[in-house]
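Structure assessment
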Amino acid sequence: MREDIISYLEPLQHILEKTRMVAGISNQFSDITRLREYNYQAFKSLQLGSMIHREATLNYYRDYMLYHMVEIGIERGGMTHFCMPEMHILLDYCRENGTELLHTLQAYLNCKCNKAQTAKVLFTHPNTVKYRINQIEEIMGIGLNDQDTVVQLTLSLKMLEYSRCFPSGSN
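A few points on the structure. Computed from a predicted model, the values in this text were never measured in an experiment.

Calculation rules
- Residues numbered from 1 in each chain as written.
- Predicted model: local features only at pLDDT ≥ 70, side-chain atom pairs only at ≥ 80, totals over all residues.
- Heavy atoms only, no water.
- Phe/Tyr/Trp six-rings, centres within 6.5 Å; stacked < 30°, edge-to-face > 60°.
- Helix = DSSP H or I, 4+ residues; strand = E, 2+ residues; numbered from the N terminus.
- Buried < 20%, exposed > 50% of the residue type's maximum accessible area, 1.4 Å probe, protein only.
- Patch = residues over 30% accessible without salt bridge, like charges linked within 9 Å, V, L, I, M, F, W, Y side chains within 5 Å.
- Areas by Shrake-Rupley, 256 points an atom, 1.4 Å probe, with all protein chains shown as cover.
- Salt bridge = Lys/Arg side-chain N within 4 Å of Asp/Glu carboxyl O.
- Contact = heavy atoms within 4.5 Å.
- Axes fitted to C-alpha atoms, helices over the stretch in contact; angles between N-to-C directions.
- Parallel < 35°, antiparallel > 145°, perpendicular 65-115°, else oblique.
- Nonpolar A, V, L, I, M, F, W, Y, C, P; charged D, E, K, R; others polar.

Throughout the structure, instances matching the rule amount to three aromatic pairs. Between the aromatic rings of Tyr40 and Phe43, the centroid separation amounts to 6.1 Å while the plane-to-plane angle is 35°, which identifies the pairing as tilted. Here Tyr40 and its partner Phe43 are both found in helix 2 (residues 35-52), three residues apart, which amounts to about one turn of the helix. With a relative accessible area of 45%, Phe43 lands in the partly exposed category.

Let us now look at a nonpolar patch on the surface. On the surface, Phe29, Ile32 and Leu35 cluster together into a nonpolar patch covering about 290 Å² of accessible area. Locating Ile32 in the fold gives a position in the loop between strand 1 (23-25) and helix 2. Accessibility expressed as a relative area gives 60% for Ile32, which makes it exposed.

In this structure, Thr118 sits in helix 7 (residues 115-122). Judged by relative accessible area, which is 0%, Thr118 ranks as buried. Discounting residues that sit within four places of it in the chain, Thr118 has contacts with Thr104, Ala107, Tyr108, Cys111 and Val129.

Throughout the structure, instances matching the rule amount to two salt bridges. When the shortest N-O distance is used, the salt bridge between Arg34 and Glu37 registers 2.8 Å. For Arg34, a relative accessible area of 36% translates into the label partly exposed. Notably, a salt bridge pairs Asp92 with Arg95, separated by 2.8 Å at the nearest N-O pair. In this pair, Asp92 and Arg95 are both assigned in helix 5 (residues 85-97), three residues apart and thus about one turn of the helix distant.

The next thing to look at is helix 6 (residues 101-110). In terms of residue burial, helix 6 counts as a mostly covered element, since seven of its 10 residues are buried. Two residues or fewer after helix 6 comes Lys112, characterised by a positive phi angle close to 55°.

What follows concerns the packing of helix 6 against helix 8 (residues 126-140). Put simply, helix 6 and helix 8 touch, their axes get as near as 10 Å, and they point 105° apart. Relative to helix 8, the element helix 6 lies roughly perpendicular. Touching Leu101, Thr104, Leu105 and Tyr108 of helix 6 are Arg132, Ile133, Gln135, Ile136, Ile139 and Met140, all from helix 8. Its residues assigned to classes, the contact of helix 6 with helix 8 comprises seven nonpolar, two polar and one charged.

Geometry of a packed helix pair, given as the angle between the helix axes and the separation of the axes. Where helix 5 contacts helix 6, the two axes come as close as 9 Å, and the packing angle between them is 135°. With respect to helix 6, the element helix 5 is oriented oblique. Between helix 5 and helix 6, the contacting residues are Met87, Leu90, Leu91, Tyr93 and Cys94 on the first element and Leu101, Leu102 and Leu105 on the second. Looking at side-chain class alone, the contact of helix 5 with helix 6 contains eight nonpolar, no polar and no charged residues.

Note that Cys113 resides in the loop between helix 6 and helix 7. Relative accessible area serves as the criterion here: at 25%, Cys113 is assigned to the partly exposed category. As for Cys113 and Ile133, which are separated by 20 residues in sequence, their C-alpha atoms are 9.7 Å apart. Excluding anything up to four places from it in sequence, Cys113 contacts Tyr108, Leu144 and Val150.

Pasting the structure below:
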């Protein structure tokens, strides 16, 4: 379904690039009575996309839903309330030791916990990735084979990325 939308909007992307403009695209909808909600989604995708992925010309709300959720969470209680506590342990360790473990974790999660794919993305040997993942698990005291943990870590990383783009916690 998404590929159909992207191919449909491809001519628009060329026009946007040529005119140096950007657009926000809401989720698909069929209920016109919810137009206000979807207009807001388009606005948020444009707003968040221009801050997080400045080079993008088409910003799909689907790509920024988690960021929007994080934004709302931060506005209501601060990042530390929603970020996995173990993430702070890893952040402190990386700061103190100057390691690439946080970057490795992010790549690993983006590669759907596939060590071989992570090694390709990081341009490193698979054994290096395996070693780093073991280090991460030991430092954080967690297992990356648990789906709930992976989801919580992914959301925590999104929160950290969002807080770097919007340091004050709101926009």
